[in-house]
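Residue-level structural notes
Listed here are the chains, written in short residue letters.
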Amino acid sequence: MNKVYKEIEAIFTTGIAEEYLGEDVKLVEHMLQCGDLAKEAGAPDYLVVAALLHDIGHLLVEDAHAAQDAGIDMHHDAVGARWIEERFPATVSEPVRLHVAAKRYLVTTNHDYLSKLSHASVQTLYMQGGPLSQEEVIDFISREGAEDAVRVRLWDDLAKVRDKSTSSLKEFEPLITALARP
Ligand SMILES: [Fe+2]
């Protein structure tokens, strides 16, 4: 079995993976739903893996739940991207790095977007800095992976359906193995 897949399997079965972090679904279900949505949309393999792993930072920080309750931003986007970039190409890590910035970008540029966000996502939005300034919008769209980050973000918002059946992590193993650095 591929070493990176094994690591992901271990991370996806840690205690925090079963936490809800204010949403209707457990983190692990949320990430699997997100990976499925990318796959169903016909996204390229690297983006399916990015969608699947986009919240892995939550599973890597100590006590993400207590931090969220205390209103502390643990920067799960940056934490996750750092972990991913050591194991996958930038096409996978950069959309993950930018998926929180993509929410801020969408709030700024799409008037309907805020009303579609979950309660938890609106709460964290302000912890994460709120809407972007004009300069930040320009900076965001110029960054590598920004467009892909927006796609991940839109699947992220939809991947919060309680009791939805999903693919198992195992079904993503071939994609992970094909993309992971040897
Ligand atoms: Fe998410």
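Residues numbered from 1 in each chain as written. Predicted model: local features only at pLDDT ≥ 70, side-chain atom pairs only at ≥ 80, totals over all residues. Heavy atoms only, no water.

1. What about the packing of helix 6 (residues 76-85) against helix 7 (residues 90-97)?
Two elements in contact, helix 6 and helix 7, have axes separated by 8 Å at closest approach and are oriented at 175°. Viewed along their axes, helix 6 and helix 7 adopt a mutual orientation that is roughly antiparallel. For the pair helix 6 and helix 7, contact is made by Asp77, Gly80, Ala81, Ile84 and Glu85 and by Val92, Ser93, Glu94, Val96 and Arg97, respectively. A per-class count over the contact of helix 6 with helix 7 returns 4 nonpolar, 2 polar and 4 charged. (Axes fitted to C-alpha atoms, helices over the stretch in contact; angles between N-to-C directions. Helix = DSSP H or I, 4+ residues; strand = E, 2+ residues; numbered from the N terminus. Parallel < 35°, antiparallel > 145°, perpendicular 65-115°, else oblique. Contact = heavy atoms within 4.5 Å. Nonpolar A, V, L, I, M, F, W, Y, C, P; charged D, E, K, R; others polar.)

2. Topic: the coordination of the iron ion
Only His30 (NE2), His54 (NE2), Asp55 (OD) and Asp156 (OD) from the protein coordinate the iron ion, and they sit 2.1 to 2.4 Å from it. Each of the 4 donor atoms bound to the iron ion contributes to angles spanning 79 to 165°, and the resulting shape is irregular. (Donors = N, O, S within 2.8 Å, 3.2 Å for Na, K, Ca; no water. Tetrahedral: all angles 85-135°; square planar, octahedral: opposite > 155°, others 65-115°.)

3. Looking at the nonpolar core
Counting 41 residues, the largest nonpolar core has Ile8, Phe12, Leu53, Phe88, Trp155 and Ile176 as the members making the most contacts within it. Every element with two or more residues in this core is listed here: helix 1 (3-12), helix 2 (27-40), helix 3 (45-53), helix 4 (56-60), helix 6, helix 7, helix 12 (146-158) and helix 13 (173-179). Excluding residues that lie within four positions of it along the chain, phenylalanine 12 makes contacts with Ala17, Val28, Met31, Leu52, Leu53, Ile56, Leu59 and Leu169. Ala101, Leu106, Leu117 and Leu125 belong to the second-largest nonpolar core, a separate cluster that totals 15 residues. (Core = buried A, V, L, I, M, F, W, Y, C linked by side-chain atoms within 4.5 Å. Buried < 20%, exposed > 50% of the residue type's maximum accessible area, 1.4 Å probe, protein only.)

4. Comments concerning the packing of aromatic side chains
Scanning the model with the defined rule gives 1 aromatic pair in all. Here the guanidinium or amino end of lysine 39 rests over the ring plane of phenylalanine 172, the centre of that ring lying 4.5 Å away. (Phe/Tyr/Trp six-rings, centres within 6.5 Å; stacked < 30°, edge-to-face > 60°. Lys NZ or Arg CZ within 6 Å of the ring centre and 35° of its normal.)

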